[in-house]
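Below, each chain spelled out in residue letters.
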Amino acid sequence: MTGQTAVRRVLLIGAGSIGAVYLYQLQQAGCDVTAVCRSNYAQVKEHGFKLLSLRYGNVTYRPNKTLSSLSECAGEIFDYILVCIKSFPGSKPSLPEMLAPVVRNKSTAIVLAQNGIMIEEEVALAFPDNPIISGVIYLPSVQTEPGTIEYHEMLNLLELGTYPADAPPDHKAAALRFSELMVKGGGNAKVLEDIQIARWSKLLLNAAWNPICALTLCSDGDFLLSSDFAEELAWEVMMEVIALADKVGIPGVTVEVAESKFSIAKRRAKDGTGREMSMLQDIRQGRPFEVEAIIGNAVRLGRRHGMKMPRLETFYALLKGRYDAQVKERRQGGTSK
Ligand SMILES: NC(=O)c1ccc[n+]([C@@H]2O[C@H](COP(=O)([O-])OP(=O)(O)OC[C@H]3O[C@@H](n4cnc5c(N)ncnc54)[C@H](OP(=O)(O)O)[C@@H]3O)[C@@H](O)[C@H]2O)c1
Ligand SMILES: *[C@@H]1O[C@H](CO)[C@@H](O)[C@H](O)[C@H]1NC(C)=O
Ligand SMILES: *[C@@H]1O[C@H](CO)[C@@H](O)[C@H](O)[C@H]1NC(C)=O
Ligand SMILES: *[C@@H]1O[C@H](CO)[C@@H](O)[C@H](O)[C@H]1NC(C)=O
């Protein structure tokens, strides 16, 4: 690695709602960012991104390089590969298969900025010498049309940590440098000793609200107001996650954390400002949603440990049914994507 002021080269995979905002922050921090786009490629190549935001104002910007496939930069060496595609464990090609042509140097750090649990292991197994940095995102943004990102709140936090937590010092240094870049670029970021505590704390929110919103077509706030049974359901899902975390030895995922996460939805119910969770948005648009990373990995882990998680298992079975039906609908051309 060269000195502190060296221009960092970043490869962004998944330049959507989250990736486009991080691209902006990284460029503000002076990085040279190559973005691999998919459905928004033509728009971004021609016109760049349009970010409508409270935090950064309304800005237009371009990646330093815009590519339509990873093979176009095979052989180039990057300091960071930032993965902001949705997490689909078990999909083909797998994430390690996608990354193989661009992970050419042991010092390239792979940053996984994605929801879910147990998403790091396959990447760490495939690239045992590279720093693997796990990222937990609090940043509500949505790509409303190709290349247009709406981000209407100030909330911006990226929690980072190495995978595994006891990685070598140079891996930890790479995580720290990445967080410094995000902060320099105008965001908030911090490096945690054990990122799994943060990842599982986020799971409390995602495992409860994504399935509930996706299956009811309600916002979190509206769901809480819908019946006397609503609050108990969401809360008991969080308790199942806490029991699982306890069983598998993830510390710090406590009732107090659940209470503080739960209070967000309660406040939104009171203010009438409920949020449509991403899984609901995906279902509305007929897009693949992260059922395996968020729910499937949790229920399978529970089963391996002989745990009963009736609510999470119910959510998983129903959502997997919906997921497969959507795949079939897409194949039959029922939806646009
Ligand atoms: N958005 C939020 O508010 C939010 C908040 C917290 C956490 N997260 C998490 O952040 C992660 C990213 O979510 P997101 O909301 O940014 O998703 P998104 O808006 O769907 O963006 C993902 C982008 O990746 C692209 N992509 C997918 N597979 C690709 C591939 N193989 N090669 C190149 N590009 C590919 C997609 O292209 P296509 O358009 O072609 O599919 C899309 O542009 C998820 O794990 C999500 O749960 C999101
Ligand atoms: C890997 O990257 C480092 C830092 O950029 C560089 O010093 C080294 O020469 C690279 N190794 C190879 C094989 O390209
Ligand atoms: C990358 O793009 C940004 C924004 O356009 C620019 O400020 C920066 O100089 C570019 N970096 C390189 C190395 O070209
Ligand atoms: C950004 O654009 C939105 C929608 O076009 C508009 O409502 C908002 O006032 C603009 N904000 C700024 C700071 O210009």
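Worth saying up front: this structure is predicted, and the values here are computed from it rather than measured.

Relative to the 24 Å expected for 17 residues at 1.5 Å per residue, helix α9 (residues 255-271) spans 24 Å between its end C-alpha atoms, a close match to the ideal helical length. Within α9, the full set of buried residues consists of Ala258, Lys261, Phe262, Ala265, Arg268 and Ala269. The inward-facing, buried residues of α9 abut β8 (132-138), α6 (195-216), α7 (220-226) and α8 (230-248). Phi turns positive, to about 70°, at Gly272, one or two residues after α9.

Let us now look at the sheet that holds strand β7 (residues 109-113). The strand order β5-β2-β1-β6-β7-β8-β11-β12 describes an open sheet built from 8 strands, whose pairing is mixed. Of all the strands in the sheet, the pair left with one neighbour each is β5 (65-67) and β12 (189-191). Neighbour-to-neighbour, the strand axes of the sheet open up by a mean angle of 20°, direction not taken into account. Sheet analysis places β7 next to β8, joined by 4 bridges and oriented parallel. Its bridge partner being in β8, Leu112 is matched across the sheet by Ser134. Along the sheet, α6 contacts β7, β8 and β11 (157-162); its crossing angle with β8, the most-contacted strand, is approximately 35°.

Another point: the domain arrangement of the protein. When the domains of the protein are assigned, the result is domain 1 (9-193) and domain 2 (197-329). Distance from the C-alpha centre of domain 1 to the C-alpha centre of domain 2: 25 Å. Across the interface of domain 1 and domain 2, roughly 1,800 Å² is buried in total on both sides, 53% from carbon and sulfur atoms. Its largest share of buried area at the contact with domain 2, domain 1 owes to Lys86, Asn115 and Ile117, together 35% of the area lost on that side. Linking domain 1 to domain 2 there are 3 salt bridges. The shortest N-O distance in the salt bridge between Glu120 and Arg199 comes to 3.0 Å. The interface formed by domain 1 and domain 2 contains 14 residue pairs in polar contact (both at pLDDT 80 or more). Sort the elements by how many residues they give to the side of domain 1 that touches domain 2 and β8 lands first, with 5 residues.

Here strand β4 (residues 58-61) shows one buried face, formed by Val59 and Tyr61, and one open face, formed by Asn58 and Thr60. The sheet contact formed by strand β3 (residues 49-53) and β4 spans 4 bridges and is antiparallel. Each bridged residue has a counterpart across the sheet, and for Lys50 the counterpart in β4 is Thr60. Hairpin geometry of β3 and β4 is characterised by an intervening segment of 4 residues between the two adjacent antiparallel strands and by a positive phi of about 75° at Gly57.

Within this structure's numbering, the places UniProt gives as "domain: Ketopantoate reductase C-terminal" (unreviewed entry) are residues 194-321. Structurally, residues 194-321 is divided into 77% helix and 0% strand, and its ends, taken at the C-alpha atoms, are 34 Å apart.

All right, on to the nonpolar core then. In terms of nonpolar packing, the biggest core is built from 50 residues, with Trp200, Trp209, Met238, Ile295, Leu312 and Leu319 touching the most fellow members. Of all the secondary structure elements, the ones that give two or more residues to this core are β8, α6, α7, α8, α9, α10 (278-284), α11 (291-304) and α12 (310-331). Top contributing element to this core by residue count: α6, with 12 residues. When we break this core down by domain, the ones giving at least three residues each are domain 1 (9-193) and domain 2 (197-329). Setting aside residues no more than four positions away along its own chain, Ile295 makes contact with Ala207, Pro211, Glu290, Leu312, Tyr316 and Leu319. Core analysis: the next-biggest nonpolar cluster, separate from the first, contains 40 residues, Tyr61, Ile133, Ile149 and Leu160 among them.

Rules of the game
Counting from 1, residues in each chain are numbered in the order their sequence is written. Written order determines the labels here, with chains lettered from A and ligands numbered from 1. Predicted model: local features are reported for residues with pLDDT of at least 70 only, side-chain atom pairs are reported and counted for 80 or more only, and whole-chain, interface and lining totals are derived from all residues. As a rule here, side-chain values cover all heavy atoms of the structure and leave hydrogens and water aside. A helix here means a DSSP run of H or I that spans at least four residues, while a strand means a run of E at least two residues long, and both kinds are numbered starting from the N terminus. Given the number of residues in a helix, its expected span is that number minus one, multiplied by 1.5 Å. Each residue gets one of three labels from its accessible area relative to the maximum for its type: buried under 20%, exposed over 50%, partly exposed in between, using a 1.4 Å probe on protein chains only. Contact between two residues is taken to exist if any of their heavy atoms lie within 4.5 Å; hydrogens are not considered. We treat two strands as partners when DSSP finds at least two bridges between them. Only the stretch in contact is used when fitting a helix axis, every axis being a line fitted to C-alpha atoms; angles between N-to-C directions are given from 0 to 180 degrees. The domain limits used here are those given by an automatic or database domain assignment. Two parts placed together each lose some accessible area under a 1.4 Å probe, and the buried area is that loss summed for both. Think of a salt bridge as a Lys or Arg side-chain nitrogen and an Asp or Glu carboxyl oxygen that are within 4 Å of each other. Distance and chemistry together define a polar contact, namely a pair of N or O atoms within 3.5 Å, with one atom able to donate a hydrogen and the other to accept it when in protein, and with adjacent residues in sequence counting only for side-chain atoms on both sides. UniProt positions are given in the numbering used here, feature names are shortened, and annotations may be inferred rather than shown by experiment. Among the buried residues, those of types Ala, Val, Leu, Ile, Met, Phe, Trp, Tyr and Cys that are joined through side-chain atoms within 4.5 Å form a nonpolar core.

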